[in-house]
Structure formats: structure tokens, C-alpha cells
Amino acid sequence: MSEVKIAAESRTEFGKGAARRIRRDNKVPGVLYGHGSDPIHLTLPGHELLLALRTPNVLISLDIDGESKELAIPKSVQRDPIRGYLEHVDLQLVTRGEKVNVEIFVHTEGELAPGGNLLEHVLNALPVEAEATHIPESVTVSVEGLTAGDSVLAKDIPLPSGTKLGVDGDTVVLQVLAAQAEEAAAGEGEEASAEA
């Protein structure tokens, strides 16, 4: 996992007015918290932060006022629902070697068995525990040849070394459903011919 360096400034102004002024300057208000320390209120460069957040569970190396360097991962990101720009970000303080709980995306590869079955993602993201500096971006699961009624459990998903499941191993992550639309259409056709 790559580390993204971002220069941040500590801030002392709070409230909606201060947040609007910060965003007007193409910056994002944020809070850094963790390890039992007092929260640090920050101002972060908007464009650099937006680019960094494109990577899931990105590790951010913060240079705060040129005085202190901290490692953090994003915990909560608030975006404007219409325009999509960043409104606020919460960052969790981490240290090298520390284990953190995050969610990683589940990608699938392969084709289901013939028959028009549907693949349902019960969990789009898998909760895991990993070292803060080695968080995997995603996991890939093969669904090759699965038929209706088959499912993939959390314990069946291969995880990178040093990563542990954050949910019960018997949790269903993916399941294959029989295509119901075709069955319903066939049933309606049979009823229509019986009435005729």
C-alpha cells in the first residue's frame, strides 16, 4: 500500500462560517483523532485530499504545520450530496505495526454456471483487521461455475498474509440466486394457455 503525503494546517476556528471560508479556499476541514489524544482540528488541501481518497483505506502521511508528522487513515468522509465536493473528513491516527479494523472491497471473477442465475453481493465490503501500513485495497473471489443455491462464506475468501477476518467465518458474502423473472414469465404463459 502506498503512502500519500499531505501538508496540513492546524485550525483554531470552528463552526459553519469557518468551514465555509475553508472550503471557499479549496481546502477541507478535518479532524485527526485516536490513541487517547485530544482531537487535532486540521485544514487539508482539497485537490490533494480528493486524489488520495480515490484509493480505498489510503494511508496518509500528514505534515502538520511543518512541525509534526502523523500517519492516518480516513474514517469518515462527508461529501456535498449534489456537487460531490468534500465537506469534511475524519482521520484516525495510526502507527506502523498497529492493527486496525477496516472494510475492503470484494471483487469477483469468472462466470456462473449456465442457466441465467444471478450473483448477489450480500457484503460489498469485507470487514478485516490488518496492519495499518499494509491494508489490502480489495480481495478477489472466483465465482467460476457456481450454481443456484451456492454461496461464498467469509472463511472461503483468501486474504493476504497478516490480514484477519473481522466477521464470523460463516458469514455469507456472495450467494447465487435462481433467475426468478424467467420462471414467473413461464408460469404466466402456462396459465394463459390453460385458460384458452
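Rules behind the numbers
Residues numbered from 1 in each chain as written. Predicted model: local features only at pLDDT ≥ 70, side-chain atom pairs only at ≥ 80, totals over all residues. Heavy atoms only, no water. Pairing = 2+ DSSP bridges. Helix = DSSP H or I, 4+ residues; strand = E, 2+ residues; numbered from the N terminus. Axes fitted to C-alpha atoms, helices over the stretch in contact; angles between N-to-C directions. Buried < 20%, exposed > 50% of the residue type's maximum accessible area, 1.4 Å probe, protein only.

> Before we move on, can you summarise the sheet that holds strand 11 (residues 151-153) with the specific residues and values?
By definition, the strands of a sheet pair up through backbone hydrogen bonds, in either a parallel or an antiparallel sense. Here we have 3 strands laid out as an open sheet, ordered 8-13-11, and antiparallel in their pairing. Each edge of the sheet is formed by a strand with only one pairing partner; in this case those strands are strand 8 (118-121) and strand 11. Geometrically, the sheet is characterised by an average inter-axis angle of 15° between neighbouring strands, direction not taken into account. Looking at chain direction, strand 8 and strand 13 (residues 172-177) are connected through 4 bridges and run antiparallel. Its bridge partner being in strand 13, Glu120 is matched across the sheet by Gln175.

> Describe in detail unusual backbone geometry, supporting the description with residues and values.
Residue Asn26 is not a glycine yet carries a positive backbone phi of 60°. Counting through the fold element by element, Asn26 comes out in the loop between helix 1 (16-24) and strand 2 (27-34). Among the residues examined, Asn26 registers a relative accessible area of 52% and is labelled exposed. Positive phi, close to 55°, is recorded for Asp65, a residue that is not glycine. Secondary-structure assignment places Asp65 in the loop between strand 4 (59-64) and strand 5 (68-79).

> So what's going on with the sheet that holds strand 9 (residues 125-131)? Which residues, and what values?
In spatial order, the strands read 10-7-9-12; together these 4 strands make up an open sheet with mixed pairing. The open sheet terminates on both sides in strands that have one partner only, identified here as strand 10 (138-142) and strand 12 (164-165). Direction of pairing for strand 7 (residues 99-109) relative to strand 9: antiparallel, over a ladder of 7 bridges. Within the sheet, the bridge partner assigned to Ile104 lies in strand 9 and is Leu126.

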